[in-house]
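Each chain, letter by letter, is given below.
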Amino acid sequence: MRSASAKRDGLTEEIIDEGIENYRESDRFTENEKIALEYSELMQFEPEKINGEFYARLQEHYSSEEIVELGSFIGFNVGYHTFFRTLDFYPMFSPDGRLVSQEESRRIYGTRPTSHMRGPMARATGEHGAEPKNED
Amino acid sequence: MPNITMLDLDYLEKTKLGPFVKKCIKHRAPDPAFHAMQGHNEELSKAMYVAWGTVFNTGAVDHKLKEIIRVQLSRAADCNY
């Protein structure tokens, strides 16, 4: 399930995967986008690293208004995804945009999402080249 | 099996969440499961949907970047949603 408007604007699954797993080395993303993705990654895995120095770096790329917007968006999603995970349900939309039953959705998405944070997880744990936790 | 009852979309469309469920189906984000789970508390589901739409669909930060972040965080939380 993906934002229809983001898709219309040219966002593809390939770009999403690269933005999650390899944004640091990728030449597809601007420095502004890279630090936003780093902000999000740190918020999830290592929030203690988001300190004054990091905000000073952010301010080289974003206004205070934009930082508040990004931080609110990231915080909202960190909380919601954690809550929704505990409820143990599946998306009602299939990746190709069909409304599907929970049984079909589970068959499609498996017990864990695909492409499970290889890049960020490896960076956070120091395990370069770490394998996904689960692929079914 | 979800840990609380997942409400039917047909039912939700007859409640005050109906217009918001239709928007979810049209825009595909958030997934209508947002209301199927939270619709047990209609006022809260409506308020959180409006807040989500504000942080996701408005502002100066590029929407495509927000979508990448949204998927990044979903995967980080092992959230199938």
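These remarks concern the structure in this document. Fair warning: this is a prediction, and the values are worked out from it, not measured in the lab.

1. Some points on the packing of aromatic side chains
Given two aromatic rings, one states the distance between the centres and the angle between the planes to describe the pair.
Item 1. This model, assessed by the stated rule, comprises 13 aromatic pairs over all chains.
Item 2. Ring centres 5.0 Å apart and planes at 75° place the aromatic pair Tyr80(A) and Phe84(A) in the edge-to-face group. Residue Tyr80(A) and its partner Phe84(A) are located together in helix 5 (residues 64–87), separated by four residues, close to a single helical turn.
Item 3. A residue is classified by how much of its surface remains accessible, and Phe84(A), at 1% relative accessible area, is buried.
Item 4. Here the aromatic cluster, defined as three or more aromatic residues joined through ring pairs, consists of Phe76(A), Tyr80(A), Phe83(A), Phe84(A), Phe89(A), Phe20(B), Phe34(B) and Tyr49(B).
Item 5. Here the guanidinium or amino end of Lys66(B) rests over the ring plane of Phe73(A), the centre of that ring lying 5.7 Å away.

2. Side note on helix 5 (residues 63–76) of chain B
Residues and elements named next belong to chain B.
Item 1. The end-to-end C-alpha separation of helix 5 is 20 Å, in line with the 20 Å expected for 14 residues at 1.5 Å each.
Item 2. Taken across its 14 residues, helix 5 has 13 buried, putting it largely inside the fold.
Item 3. With a side-chain oxygen positioned 3.3 Å from the backbone nitrogen of lysine 64, the residue opening helix 5 is aspartate 62.

3. With respect to the layout of surface pockets
Item 1. Here the second largest pocket is characterised by a volume of approximately 250 Å³.
Item 2. Surrounding the second largest pocket, 13 residues form its lining, Ser101(A), Gln102(A), Glu103(A), Pro2(B) and Met6(B) being those nearest its centre.
Item 3. Its residues placed into classes, the lining of the second largest pocket shows seven nonpolar, two polar and four charged.

4. Re helix 6 (residues 102–109) of chain A
All names here are of chain A.
Item 1. All of the buried residues in helix 6 are Gln102, Ser105 and Tyr109. End-on, the buried residues of helix 6 take up no more than an arc of 60°, which puts them together on one face. Opposite its buried face, helix 6 presents the exposed residues Glu103 and Arg107, each directed more than 90 degrees away.

Conventions and cut-offs
Throughout this document, residue positions are counted from 1 along each chain, in the order its sequence is written. For naming, the first written chain is A and the first written ligand is 1, with later ones following in the order written. Where totals are concerned, whole chains, interfaces and linings use all residues; where local detail is concerned, this predicted model gives features only for residues with pLDDT of at least 70, and gives and counts side-chain atom pairs only at 80 or more. Where side-chain values are given, they derive from all heavy atoms of the structure, hydrogens and water being excluded. Stacked, tilted and edge-to-face are the three classes assigned to paired rings of Phe, Tyr and Trp, where Trp is represented by its six-membered ring and a pair needs centres within 6.5 Å; plane angles under 30 degrees give stacked, over 60 edge-to-face, the rest tilted. Each helix corresponds to a stretch of at least 4 residues labelled H or I by DSSP, and each strand to a stretch of at least 2 residues labelled E; elements are numbered beginning at the N terminus. Think of it in three bands: residues with accessible area under 20% of the maximum for their type are buried, residues over 50% are exposed, and the middle band is partly exposed, with areas taken using a 1.4 Å probe on protein chains only. The criterion is that NZ of a Lys, or CZ of an Arg, lies within 6 Å of the ring centre and within 35 degrees of the ring normal, and then a charge sits over that ring. Expected helix span is computed as 1.5 Å times (number of residues minus one). For the purposes of these results, a polar contact is taken to be a pair of N or O atoms within 3.5 Å, where, inside protein, one atom must be able to donate a hydrogen and its partner to accept one; residues adjacent in sequence count only when each atom of the pair is a side-chain atom. With a 1 Å grid laid over protein atoms only, a set of points is called a cavity when a 1.4 Å probe fits there but cannot get out and a pocket when it is open yet has protein on both sides within 12 Å along at least five of seven lines; lining residues have an atom within 4 Å of a point. Grid points are joined across faces, edges and corners, and a volume is the space filled by probe spheres set on the points. Side-chain classes follow a simple rule in which Ala, Val, Leu, Ile, Met, Phe, Trp, Tyr, Cys and Pro form the nonpolar group, Asp, Glu, Lys and Arg form the charged group, and the remainder, Gly included, forms the polar group. Relevant arc is that of directions from the helix axis to the C-beta atoms, nothing else.

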